[in-house]
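# Fold and geometry: a report
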Amino acid sequence: METTTKANGAAKSKVPDKIPVAAHPLAEDPTDIASNIKYHAQYSPHFTPIKFEPEQAYYAAAESVRDRLIQQWNETYLHYHKVDPKQTYYLSMEFLQGRALTNAIGNLDIQDAYASALNKLGHELEEITEQEKDMALGNGGLGRLASCFLDSMATLNLPAWGYGLRYRYGLFKQSISKAGQEETAEDWLEKFSPWEVVRHDVVFPVRFFGHVEVLPTGSRKWVGGEVLQALAYDVPIPGYKTKNTNSLRLWEAKASAVDFNLFQFNDGQYGSAAELHARAQQICAVLYPGDATEEGKLLRLKQQFFLCSASLQDIISRFKERNVGTDARQWSEFPSKVAVQLNDTHPTLAIPELMRLLMDEEGLGWDEAWDVTSRSLPSTRTIAYTNHTVLPEALEKWSQVVMSKLLPRHMEIIAEIDKRFIAMIESTRPDLKNKIADMRILDHNPNKPVVRMANLCVVSGHTVNGVAQLHSDILKAELFADYVSVWPTKFQNKTNGITPRRWLRFCSPELSEIITKWLKTDKWVTNLDLLVGLRQFADNPELQAEWDSAKMANKKRLAQYVLRVTGESIDPSTLFDIQVKRIHEYKRQLLNILGAVYRYKKLKEMSPEERKSTTPRTIMIGGKAFATYTNAKRIVKLVNDVGAVVNTDPEVNEYLKVVFVPNYNVSVAEVLIPGSELSQHISTAGMEASGTSNMKFALNGCLIIGTLDGANVEIREEVGKENFFLFGATADEVPRSGRTERMDWLLSPTLRVWYVRFLIICSDDVQFKPDPRYEEAKEFIRSNAFGSYDYNPLLDSLEGNSGFGRGDYFLVGHDFPAYIDAQAQVDEAYKEIFGFQYSFGRSFHCLFSFPMQMEKNDNLNWIIQGPKEMDKDVDIEHGRKGKFSSDRTISQYAKEIWKIEECPVP
């Protein structure tokens, strides 16, 4: 490769002269692809022409791939426009996409060609993909799920769109100092994103504040206030080995030139001159701005309405394009062409906004507009709602005062929906009269009148679904029980899933190649049911050796990454124990680190010979704590303080290390998950709606230690209870008392576990006695063994009557002894495979050789097969081998909620 030397002596790469410059937008041959990359480096320039370093090569390669995507994208758009199928519009405040280059060339099936092309240009594909920054459009599972769903929609050839906001600075970039977590703005748009296409012809006005006028006709009109512009940026979403390429449409808020006050600017009033422009920039600046202040609450509500209004106007605009001269009769066809899915309560304002647009802008009456939005035959309703939580603080409630001020017309519409709902209940269900105060949308508490967004979704949506069977059971039996008695068919379960493309095929290529080799097909990438075919080879030493080698390669890659980002050296021959997810007390990273503290203390008390008989372990924890969530940030600091002591202790660090992996995101997960051997999914039972990281770990041959919570329940049913390290109280472990008899009416054993947690928290009859080991771990922290930071406020939340009205609300202390016992089972199982020596020399066979009372031929027990015999009362769906693929989830949404069909591009 040619270089040119700068004055400072540094060598800078140049584009090799031997590769001709030529535009080949649809090239498949590596030489032609290299020419197209070079073409973009020269004719789509973003850097000085003499440079072709990895960063420049990345942007040129991305634009070359985008050429192919745009071709397929345009064909898809035109095909949908011609066929005019019913389409789904998925509204979400988050989309956690991850890097696009690897995913795009993988789905287009051109990885090898691009690897060869870049090699001809003097670069390695792996080096180039590392240059891409993750799109900062999400935070955790909600956004990652949305992105998995988009991938499956395109792969299944379903006509669908995603709608979100184009956050410039994301949530935040996390770094770790001695003070703990520090937050800085994400910089994914510091230069530009090559994957976006701005649509200057797709702009819609979005109004805030103002007032409602009553026109002479009696109709109402929202006027005045401030009006911003929503500008569309589209991101292509290619399906796997299909021509269909769908769109993720992101909205950016702008003010127009006429809103810039030139007179004020020339008069030196610079802030006032561009005041509306500054307010526009705030809307899409940050994901989930702090809401401790009234200004923060107002900004969050602005964000939610901005997404809903722009998206609904766009949806209606395209419907009208295909229905020129739309009249009331044709509007009745709207739900047969449009399905809107609300991903959690954040986009709830889509309901009153659709009503406003239909009534105030399109001239429909209330009844006609309501028929379009909600009240018509199940197959033709428009809006459906996915619930993602049963935590009270996560069920959004907005101040009626704030809503009336910011969105006066919408407050009127919400009040009318509430009034009509109450009238319906009073006339049809007089037995629920005493429940109306809890069921209604508007809470008129004089101290704090609010709009209950979840109630608005349930009342107005044609379908409400949970995201795991346990979660859906809780919704129907507890949270929305009264609504279920009114609309028993409205509620469904749609267990979440993950895309096997990103979460196995691309992030673990060695393992994927082994699976393809032994199955003699790569069709498993779109049909995980085929993985059951590996079962016949479970005893084959050659397969086991290959699998073992792939796992060790992933562990070494992970060890190199940890060394690079933390400076900590970890041994790939130790058990890699990982918990990565956003930091929250209910997810119980505190339980994990307390267990690590106890393990460290016991190791310190052992003799050198005794330590040699233990299972060496590297505990890795990662995740972001919300900037204003004090206890979560204390947990992050505690993890790092424990690691600082443990990792530098020469007596112990051969047998235990504790590492906090900073700035957890999709790209980090793609390194951590394939290298894992044990993953922790230990949330308080009944509080995790689903969780999808458990599915990602399991798909990569990783064992789970966890509670009966969320999708853990269904994973355990699929893989067999002998292959899941379960801990935590179950119904039959709770002392019999008058209060426990309340469980008799509950429908499922898993739901009883959730109710047991409730009883433990609330019952005066149940006397909790802390385990000595639990007290020992807490006192060790209080002894300043890990520094002088005052952890008493954090530890106090586990005791007394602090926190949510009662100490240890998340049952850390209650479950601690069972957790320690389960971890001891992990240690013993690991020893059975590798013996007692420290240098194991290889990782354990997560899918083949983990002997927990298993027969030799039953060792291929994870996602590739279900339990050999299933209880007759378990839904037949639980026997599906590809159950945790998002392809399965989306197929069910399409058939059972959206009523849409495949529309493949010919």
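Per chain, the residues get numbers from 1 upward, laid out in the order the sequence is written. Given that the model is predicted, a residue must reach a pLDDT of at least 70 before its local features are reported, and side-chain atom pairs must reach 80 or more before they are shown or counted; all residues, however, enter totals for whole chains, interfaces and linings. Think of the side-chain values as coming from all heavy atoms in the structure, minus any hydrogens and water.

As recorded by an unreviewed UniProt entry, the chain carries the name Alpha-1,4 glucan phosphorylase and is attributed to Centaurea solstitialis. UniProt positions are given in the numbering used here, feature names are shortened, and annotations may be inferred rather than shown by experiment. Its UniProt record gives the chain a comment under Function (unreviewed entry), which states: "Allosteric enzyme that catalyzes the rate-limiting step in glycogen catabolism, the phosphorolytic cleavage of glycogen to produce glucose-1-phosphate, and plays a central role in maintaining cellular and organismal glucose homeostasis." Database annotation for the chain, UniProt heading Sequence similarities (unreviewed entry): "Belongs to the glycogen phosphorylase family."

Moving on to the sheet that holds strand β20 (residues 617-622). Strands sit in the order β21-β20-β19-β22-β23-β24 across an open sheet of six strands; the sheet is parallel. Lying at the two open borders of the sheet, with one neighbouring strand each, are β21 (656-661) and β24 (725-726). Strand pairing requires that DSSP identify at least two bridges connecting the strands. Where helices and strands are cited, they refer to DSSP runs of H or I of at least four residues and of E of at least two residues respectively, numbered from the N terminus. With six bridges joining them, strand β19 (residues 575-580) and β20 adopt parallel strand pairing. Bridge assignment links D577 to a residue of β20, and that residue is I619. Residue contacts are counted whenever heavy atoms from the two residues lie within 4.5 Å of one another. Helix axes are fitted to C-alpha atoms over the stretch in contact, other axes to C-alpha atoms as well, and angles between N-to-C directions run from 0 to 180 degrees. Here helix α22 (residues 541-566) sits on the sheet and contacts β19, β20 and β21; the angle it forms with β21, its principal contact strand, is near 65°. Here helix α23 (residues 589-605) sits on the sheet in contact with β19, β20, β21 and β22 (678-681), set at roughly 155° to β21.

Surface patches are defined over residues having more than 30% relative accessible area and no salt bridge, joining like charges when they lie within 9 Å and nonpolar side chains (Val, Leu, Ile, Met, Phe, Trp, Tyr) when within 5 Å. Exposure was quantified through the Shrake-Rupley algorithm and a 1.4 Å probe, taking into account, for residues, occlusion by the shown protein chains and nothing else. Between Lys or Arg on one side and Asp or Glu on the other, a salt bridge is scored when a side-chain nitrogen of the former is within 4 Å of a carboxyl oxygen of the latter. A grouping of F260, L262, F265 and Y270 is seen on the molecular surface, where their side chains present a nonpolar patch of about 390 Å² in accessible area. Counting through the fold element by element, F260 comes out in the loop between β11 (245-254) and α7 (262-266).

Once that is clear, we can look at the packing of α23 against helix α25 (residues 630-646). Between α23 and α25, the least distance of the axes is 10 Å, while the angle of their chain directions is 20°. Relative to α25, the element α23 lies roughly parallel. The handedness of the crossing between α23 and α25 comes out as left-handed. Note on element contacts: α25 touches α23 through I635, L638, V639, V642, V645 and V646, opposite Q589, L590, I593, V597 and Y600. Here the residues of the contact of α23 with α25 are counted per class, giving ten nonpolar, one polar and no charged. Every angle not falling under 35 degrees, over 145, or within 65 to 115 is termed oblique; those three ranges are roughly parallel, roughly antiparallel and roughly perpendicular. Take the far helix as your reference; a near helix turned counterclockwise from it by less than a right angle gives a left-handed crossing, and one turned clockwise gives a right-handed crossing. Residues were grouped as follows: Ala, Val, Leu, Ile, Met, Phe, Trp, Tyr, Cys and Pro as nonpolar; Asp, Glu, Lys and Arg as charged; and all remaining residues, including Gly, as polar.

In the UniProt entry, the feature "modified residue: N6-(pyridoxal phosphate)lysine" (unreviewed entry) is given for K696. You can see K696 is positioned in helix α27 (residues 693-699). Think of it in three bands: with a 1.4 Å probe and only protein chains considered, a residue is buried below 20% of the maximum accessible area for its type, exposed above 50%, and partly exposed in between. K696 sits in the buried class, given a relative accessible area of 6%.

Let's shift gears to helix α15 (residues 408-428). Counted at 1.5 Å a residue, the expected span for α15 with its 21 residues is 30 Å, and the 31 Å between its end C-alpha atoms agrees. All of the buried residues in α15 are P408, R409, H410, M411, I413, I414, I417, D418, F421, I422 and I425. Expected span, for any helix, means 1.5 Å times one less than how many residues it has.

Taking strand neighbours across the sheet as the criterion, the nine strands line up as β7-β10-β11-β4-β3-β12-β13-β17-β18 in an open arrangement whose pairing is mixed. This sheet does not close on itself; its edge strands, each paired only once, are β7 (197-208) and β18 (491-493). On average, adjacent strands in this sheet sit at an angle of 25° to one another, irrespective of strand direction. Pairing between β7 and strand β10 (residues 226-238): nine bridges, direction antiparallel. Its bridge partner being in β10, V197 is matched across the sheet by D234. Sheet contacts for helix α2 (residues 54-83): β3 (87-91), β4 (160-165), β7, β10 and β11; angle to β11, the most-contacted strand, approximately 95°.

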